[in-house]
Amino acid sequence: AAAGSIAAEDPELAAELLIDAADASGGDHAVTLAARARELAPEGGEAELRACVALARVLRDAGRDAEAADPSERAAAILEANPQAAHDPDVLLAAGVVDAMRGERARSLQRLRGALAVRPDWANAEAALASVLSTGEGLTPSDLREAVTLADRATARTGRKNAAVLDILAGALAASGDFPRAVAAGREALDVAERSGDQTAAAAMRLRLAGWEAGRR
């Protein structure tokens, strides 16, 4: 009843609360929460942008990449229609994530660095930037060193209790060839995911961990 009242009185706030809940959840439940946030968010605003980014992310985490295309494209359209939002760190983070999902690495890096310039020491932006720096083709030693540094910081800021951040750290370490540390961080991430009940994320982490244990990036 309370949730319904919030949705009726302040749909933007209700959407933001659902996005936060989706971020803290996983699997199909996270998809349901993010999809509902997108439905409630006022059209064309920051809340809809964040909801679309969250929905695209949880769909990809659930292995539903084809379904993630629509919210990703909608997020990009919102950004193009609202250039005045380009200096908001939350918007820059969301935009950087969308760019990464669309394979636009250079623009993603620019926006994520912009988010950190506006809001230094932000674990979410540090983790997102580390992920982009440590994935894809043509990675440089400098990229990988920065990715590990950022992921280490984000992991410390979140008290080593965020499975996604730990997983990003593990991936950055593996991309750098530091498989012992990658395996250790990957096991931490898997433990946190399992204890939180996020079986979809845990299943994906097990596959990545098996590769790192075998020395595969």
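The coordinates are above.
Residues numbered from 1 in each chain as written. Predicted model: local features only at pLDDT ≥ 70, side-chain atom pairs only at ≥ 80, totals over all residues. Heavy atoms only, no water.

Caption draft 1: Summary view of the overall build of the protein. Looking only at helices and strands, the protein has twelve helices and zero strands in total. Counted from the first residue to the last, the protein has its helices and strands arranged as α-α-α-α-α-α-α-α-α-α-α-α. By the compact-globule yardstick of 17 Å for 217 residues, the protein fits well, its C-alpha radius of gyration being 17 Å. For the protein, the spread of C-alpha atoms along the three principal axes comes to 50 × 35 × 30 Å. A buried classification covers 43% of the 217 residues belonging to the protein. Taking as baseline every contact in the protein between residues at least 6 positions apart, the subset at least 24 positions apart corresponds to 52%. When the accessible surface of the protein is split by element, carbon and sulfur atoms take 52% of a total near 10600 Å². Averaging the locations of the 25 positively and 34 negatively charged side chains of the protein gives two centres separated by 6 Å. (Helix = DSSP H or I, 4+ residues; strand = E, 2+ residues; numbered from the N terminus. Rg over C-alpha atoms; globule rule 2.2 N^0.38 Å. Buried < 20%, exposed > 50% of the residue type's maximum accessible area, 1.4 Å probe, protein only. Contact = heavy atoms within 4.5 Å. Areas by Shrake-Rupley, 256 points an atom, 1.4 Å probe, with all protein chains shown as cover. Lys, Arg positive; Asp, Glu negative; His and termini not counted. Charge placed at Lys NZ, Arg CZ, Asp CG, Glu CD.)

Caption draft 2: Representation of helix 3 (residues 27-40) in the model. Its 14 residues give helix 3 an end-to-end C-alpha distance of 21 Å, which sits within 8% of 20 Å, the value for a rise of 1.5 Å per residue. Of the residues making up helix 3, those classed as buried are Gly 27, Ala 30, Val 31, Leu 33, Ala 34, Ala 37 and Leu 40. (Expected span 1.5 Å × (residues − 1).)

Caption draft 3: Main features of the pattern of salt bridges. Overall, the coordinates contain 20 salt bridges when judged by the stated rule. Residue Glu 48 is joined to Arg 74 by a salt bridge in which the shortest nitrogen-to-oxygen separation is 2.9 Å. With a gap of 26 residues between them, Glu 48 in helix 4 (residues 46-61) and Arg 74 in helix 5 (residues 65-81) connect regions that are remote in the sequence. The exposure class of Glu 48 is buried, given its relative accessible area of 8%. You can call Arg 74 partly exposed: its relative accessible area is 24%. Residue Arg 113 is joined to Glu 146 by a salt bridge in which the shortest nitrogen-to-oxygen separation is 2.6 Å. Of this pair, Arg 113 sits in helix 7 (residues 105-118) while Glu 146 sits in helix 9 (residues 141-157), and the two are 33 residues apart along the sequence. What makes Arg 113 partly exposed here is its relative accessible area of 36%. Classification of Glu 146 as partly exposed rests on a relative accessible area of 26%. Each of Asp 99, Glu 104, Arg 107 and Arg 111 takes part in salt bridges that share partners, so that together they form one network. (Salt bridge = Lys/Arg side-chain N within 4 Å of Asp/Glu carboxyl O.)

Caption draft 4: Looking closely at the environment of Glu 46. When you line up the elements, Glu 46 lands in helix 4. Considering only alpha carbons, one finds Glu 46 and Leu 133, 87 residues apart in sequence, at a separation of 26 Å. Beyond its immediate chain neighbours, meaning those up to four positions away, Glu 46 contacts Asp 88, Asp 90 and Val 91.

Caption draft 5: Structural view of unusual backbone geometry. Here the phi dihedral of Asp 121 falls at roughly 60 degrees; this positive angle occurs in a residue that is not glycine. Inspection of the secondary structure assignment puts Asp 121 in the loop between helix 7 and helix 8 (123-133). With a phi close to 55 degrees, Arg 160 is a non-glycine residue in the positive phi region. The residue Arg 160 is located in the loop between helix 9 and helix 10 (163-175) in this model.

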